[in-house]
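The primary structure of each chain is shown beneath.
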Amino acid sequence: MIDIDHNQLNQIELRDLLVTSDKVAHVQVGNNLEHALLVLTKTGYTSIPVLNPRFQLQGFVSMTLILDSILGLKRIEFERLETMKVEEVMNQNVPRVSMKKSVLKVINAMINHPFLCVENEDGIFEGILTRRNLLKSLRRQSIILPKESFQ
Ligand code: AMP
């Protein structure tokens, strides 16, 4: 049985887990699907946030959403990538979290989502919290794995 100290968990600062917006690959609502596919392919991420020109979060777009939207009856209609816009295919049900949330709530939300988007009070996109950063923080604090197990 793994015994996790909740006090130790609550000491984790969400700000330390944040990938700040300047380091987050994103696309704009008005970009075409060809551009979005290019960004996804080049970065290697399966899904990325979609923002409007005011840097407000509108949704997320993924490789699967794009390919599904150009799937014809007999073939994938690649020519549609140029004419279709990100806003037509994005998923608006984007997992959001406030920096005021507790770490336990964030961990719970991350069970179903590989990343959570963070916005400030004005709805401006601040960045994302990722599973990788969370796991790294848990390891750093020896919460999930004792440091000796890496030596
Ligand atoms: P990770 O926990 O680092 O594997 O990241 C989980 C997911 O978060 C990735 O599959 C991406 O969808 C997203 N992600 C992580 N880092 C970035 C980034 N710098 N820019 C855009 N999306 C990211």
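The rules behind the values
Residues numbered from 1 in each chain as written. Predicted model: local features only at pLDDT ≥ 70, side-chain atom pairs only at ≥ 80, totals over all residues. Heavy atoms only, no water. Pairing = 2+ DSSP bridges. Helix = DSSP H or I, 4+ residues; strand = E, 2+ residues; numbered from the N terminus. Contact = heavy atoms within 4.5 Å. Axes fitted to C-alpha atoms, helices over the stretch in contact; angles between N-to-C directions. Salt bridge = Lys/Arg side-chain N within 4 Å of Asp/Glu carboxyl O. Buried < 20%, exposed > 50% of the residue type's maximum accessible area, 1.4 Å probe, protein only. Near = heavy atom within 4 Å. Polar contact = N/O pair within 3.5 Å; in protein donor to acceptor, adjacent residues only side chain to side chain. Areas by Shrake-Rupley, 256 points an atom, 1.4 Å probe, with all protein chains shown as cover. 1 Å grid on protein atoms, 1.4 Å probe; cavity = no way out; pocket = protein on both sides within 12 Å on 5 of 7 lines; lining within 4 Å. Sits in = over half its atoms within 2 Å of the grid points. Nonpolar A, V, L, I, M, F, W, Y, C, P; charged D, E, K, R; others polar. Core = buried A, V, L, I, M, F, W, Y, C linked by side-chain atoms within 4.5 Å. UniProt positions renumbered as here; feature names shortened; annotations may be inferred.

Where an unreviewed UniProt entry is consulted, the chain appears under the name CBS domain-containing protein, with the organism given as Priestia megaterium.

Draft legend 1. Structural view of the sheet that holds strand 6 (residues 115-119). Ordered in space as 1-7-6-5, the four strands form an open sheet in which the pairing is mixed. With one partner strand each, in any of the chains shown, strand 1 (18-20) and strand 5 (96-97) form the two edges of the open sheet. Sheet contacts for helix 7 (residues 131-140): strand 1 and strand 7 (125-130); angle to strand 7, the most-contacted strand, approximately 60°.

Draft legend 2. Spotlight on the pattern of salt bridges. In this structure the tally under the stated criterion is four salt bridges. Ionic pairing is found between R96 and E119, a salt bridge with its closest N-O pair at 2.8 Å. One end of the pair, R96, is in strand 5; the other, E119, is in strand 6, and 23 residues separate them in sequence. When its relative accessible area of 40% is taken as the criterion, R96 is described as partly exposed. Under the relative-accessibility criterion, E119 is labelled partly exposed at 22%.

Draft legend 3. Expanded view of the site of the ligand. Taken together, 13 residues sit near the ligand, with K23, A25, S47, F115 and R132 positioned nearest. A distance of 2.6 Å is found between an oxygen atom of the ligand and a backbone nitrogen or oxygen belonging to S47. Between the ligand and R131 there is a distance of 3.4 Å, counted from an oxygen atom to a backbone nitrogen or oxygen. Within the complex, the protein chains bury 84% of what would otherwise be the 480 Å² of accessible surface of the ligand. Judged by the proximity of its atoms to the pocket grid, the ligand belongs to the largest pocket. Within the shell around the ligand, the residues separate by chemical class into seven nonpolar, three polar and three charged.

Draft legend 4. Up close: the nonpolar core. Formed by 18 residues in total, the largest nonpolar core has its most connected members in V27, L33, I48, V50, V61, I66 and V86. In terms of residue count, the dominant contributor to this core is helix 3 (residues 33-43) (five residues). Discounting chain neighbours no more than four positions away, the residues touching I66 are L33, A36, L37, L40, V61, L81 and V89. Grouped together as the second largest cluster of nonpolar side chains are 15 residues, L17, L18, L129 and L138 included.

Draft legend 5. Expanded view of the UniProt feature "domain: CBS" (unreviewed entry) in the chain. As recorded in UniProt, the sites labelled "domain: CBS" (unreviewed entry) are residues 20-71 and 86-138. Annotated as residues 20-71, this span is 35% helix and 27% strand, and its ends, taken at the C-alpha atoms, are 34 Å apart.

Draft legend 6. Representation of the side chain of N133 in the model. Tracing the backbone through its elements, the reader meets N133 in helix 7. Note on N133: relative accessible area 17%, which makes it buried. In terms of polar contacts, N133 uses its side chain to reach the backbone carbonyl oxygen of L17, at 2.9 Å. Aside from chain neighbours lying at most four places away, what touches N133 is L17, L18 and V19.

Draft legend 7. Spotlight on the environment of S142. Take S142: it is sitting in the segment after helix 7. Considering only alpha carbons, one finds S142 and Q8, 134 residues apart in sequence, at a separation of 9.7 Å.

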